[in-house]
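Now for the letters of each chain:
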Amino acid sequence: RLPLAGYGNRIPQLSFEIVRPIGRLETMVRAATLIPGTTEFGYGTSSVVAIKGPGQFATENRHVANAPSDVIAALDDLQGVCPNLERVAVVVAWFGNDLRAGQCSVQPGVEIATKTTSPQAWSVDGVTRETAYVVSQVAGRPAYGGTPSDASVVALIQELKARGLKVTFYPFVMMDVPAGNARPDPWTGAASQPPYPWRGRITCDPAPGRPGSPQGTATAATQVASFFTGGAWNYRRMVLHYAHLCFAAGG
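The sections below set out a description of the structure shown in this document. (Residues numbered from 1 in each chain as written. Predicted model: local features only at pLDDT ≥ 70, side-chain atom pairs only at ≥ 80, totals over all residues. Heavy atoms only, no water.)

Of all hydrophobic cores here, the largest spans 45 residues; its most connected members are Tyr43, Leu156 and Tyr242. Elements with a minimum of two residues in this core: β1 (31–34), α2 (70–81), β4 (87–96), α3 (150–162), β13 (166–175) and α5 (235–248). The greatest single-element share of this core, amounting to 6 residues, is contributed by β4. Apart from residues lying up to four places away in sequence, Tyr43 is in contact with Leu34, Ile35, Pro36, Gly37, Val71, Val90, Val91, Val92, Pro148, Ser152, Val153 and Leu156. (Core = buried A, V, L, I, M, F, W, Y, C linked by side-chain atoms within 4.5 Å. Buried < 20%, exposed > 50% of the residue type's maximum accessible area, 1.4 Å probe, protein only. Helix = DSSP H or I, 4+ residues; strand = E, 2+ residues; numbered from the N terminus. Contact = heavy atoms within 4.5 Å.)

For Asn61, the location among the structural elements is in the loop between β3 (56–59) and α2. Engagement of the side chain of Asn61 in a polar contact is seen with the backbone oxygen of Ser46, the distance being 2.9 Å. Leave out the neighbours within four places in its chain, and Asn61 touches Phe41, Gly42, Gly44, Ser46, Ser47, Val48, Ser69 and Asp70. (Polar contact = N/O pair within 3.5 Å; in protein donor to acceptor, adjacent residues only side chain to side chain.)

Turning next to the sheet that holds β3. Note on sheets: strands pair through backbone hydrogen bonds, and any given pair is parallel or antiparallel. Taking strand neighbours across the sheet as the criterion, the 3 strands line up as β3-β2-β7 in an open arrangement whose pairing is antiparallel. A strand with exactly one partner marks an edge of an open sheet, and here the two such strands are β3 and β7 (117–118). Two strands pair when backbone bridges link them, and strand β2 (residues 49–53) and β7 are joined in this way by 2 bridges, in the antiparallel orientation. Bridge pairing in β7 links Ala50 to Thr117. (Pairing = 2+ DSSP bridges.)

This part is about the pattern of salt bridges. Pairs can form between side chains of opposite charge once their charged atoms are near each other. Using the criterion set out here, one finds 9 salt bridges in the structure. Note that Glu111 and Lys115 form a salt bridge whose closest N and O atoms lie 4.0 Å from each other. Judged by relative accessible area, Glu111 falls into the partly exposed class, the value being 24%. The class of Lys115 is buried, set by a relative accessible area of 16%. Through salt bridges that share partners, Glu40, Glu60, Glu111, Lys115 and Arg129 make up one connected network. (Salt bridge = Lys/Arg side-chain N within 4 Å of Asp/Glu carboxyl O.)

For the structure shown, the criterion picks out 10 aromatic pairs. Taking 5.9 Å as the distance between ring centres and 65° as the angle between the ring planes, the aromatic pair formed by Trp94 and Tyr242 counts as edge-to-face. You can see Trp94 sitting in strand β4 and its partner Tyr242 sitting in helix α5, a full 148 residues away along the chain. Classification of Tyr242 as buried rests on a relative accessible area of 1%. Between Phe95 and Tyr133, the aromatic rings sit 6.4 Å apart at their centres with planes inclined by 35°, giving tilted as the arrangement. Of this pair, Phe95 sits in strand β4 while Tyr133 sits in strand β10 (residues 133–134), and the two are 38 residues apart along the sequence. Residue Phe95 is classed as buried on the basis of its relative accessible area, which comes to 1%. Taken together through their ring pairs, the aromatic side chains of Trp94, Phe169, Trp233 and Tyr242 make up a single cluster. Seen from the ring of Trp187, Arg201 lies directly overhead, with NZ or CZ sitting 4.0 Å from the centre. (Phe/Tyr/Trp six-rings, centres within 6.5 Å; stacked < 30°, edge-to-face > 60°. Lys NZ or Arg CZ within 6 Å of the ring centre and 35° of its normal.)

A few words now on the packing of α3 against α5. Orientation of α3 relative to α5, taken along the N-to-C sense of each, is 50°, at an axis distance of 9 Å. One element, α3, and the other, α5, form an angle in the oblique class. Where α3 crosses over α5, the two elements pack in a sense that is right-handed. Between α3, through Asp150, Val153, Val154 and Ile157, and α5, the contact on the second element is made entirely by His241, Tyr242, Leu245 and Cys246. Partitioned by chemical class, the residues of the contact of α3 with α5 number 6 nonpolar, 1 polar and 1 charged. (Axes fitted to C-alpha atoms, helices over the stretch in contact; angles between N-to-C directions. Parallel < 35°, antiparallel > 145°, perpendicular 65-115°, else oblique. Left-handed = near helix turned anticlockwise from the far one by under 90°. Nonpolar A, V, L, I, M, F, W, Y, C, P; charged D, E, K, R; others polar.)

Pairing analysis gives 4 bridges linking β2 to β3, with the strands arranged antiparallel. Note that in β3 the partner of Gly53 across the bridge is Gln56. Linking β2 back to β3 in an antiparallel pair, the connection comprises 2 residues, with Gly55 at a positive phi of about 70°.

Moving on: the side chain of Asp176. Within the secondary structure, Asp176 sits in the loop between β13 and α4 (218–229). We note that Asp176 is buried and unpaired, the nearest opposite charge coming from Arg183 at a distance of 7.2 Å. When neighbours within four sequence positions are excluded, Asp176 is seen to be in contact with Phe95, Gly96, Asn97, Tyr133, Val134, Val135, Ser136, Tyr144, Arg183 and Tyr196. (Lys, Arg positive; Asp, Glu negative; His and termini not counted.)

Structure representation (structure tokens):
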């Protein structure tokens, strides 16, 4: 009973993908972690496009035909494969810029400073794209995707709850320390920190084990406190922002 007029009165080529658990492991899965944590609109449950010019646009978060956005398609597949899933951890990343705890700020960022999107514009913690931190580049391309927009995070949490899933919020720090950063390495004393290091390398300066390290002193405690609460941007601000956001989303 398929109307064929739209296909030149011929039976079109049809393809089907059936998703279902085929083993014991899938039915045992109770929780999953959702990434990437760096995707400006990737957590959005409805389509967002970037305006390239008059009548020109590019999709930001929809590359499938069977769902309104990529994350909806991913969740459909996830629940299809893992029918007993109960909880999803949502990773959302801000960017740290220094391995020295006393010098490191943590803030949301965007891929590029100039981009027009519709029907949503990027915004995180009251910061818009025009004034946001812009991530570094590698070979002319952003080293990371941007921080997920607040609107997309709220929409995702609401979608997960509507599916009967519990939500674990997972704030994450990506280290945006490009090559040639000219920031002293607290671990080696080198004139530049290694590019894109692991966040677990954030430490007091000099690092434990190096001459003159303040490890175990009030100076080290002050440096660590600066990472959590110092300056306009810090880890505490990120955590508090998302606590409020999750509450607003009913999480």
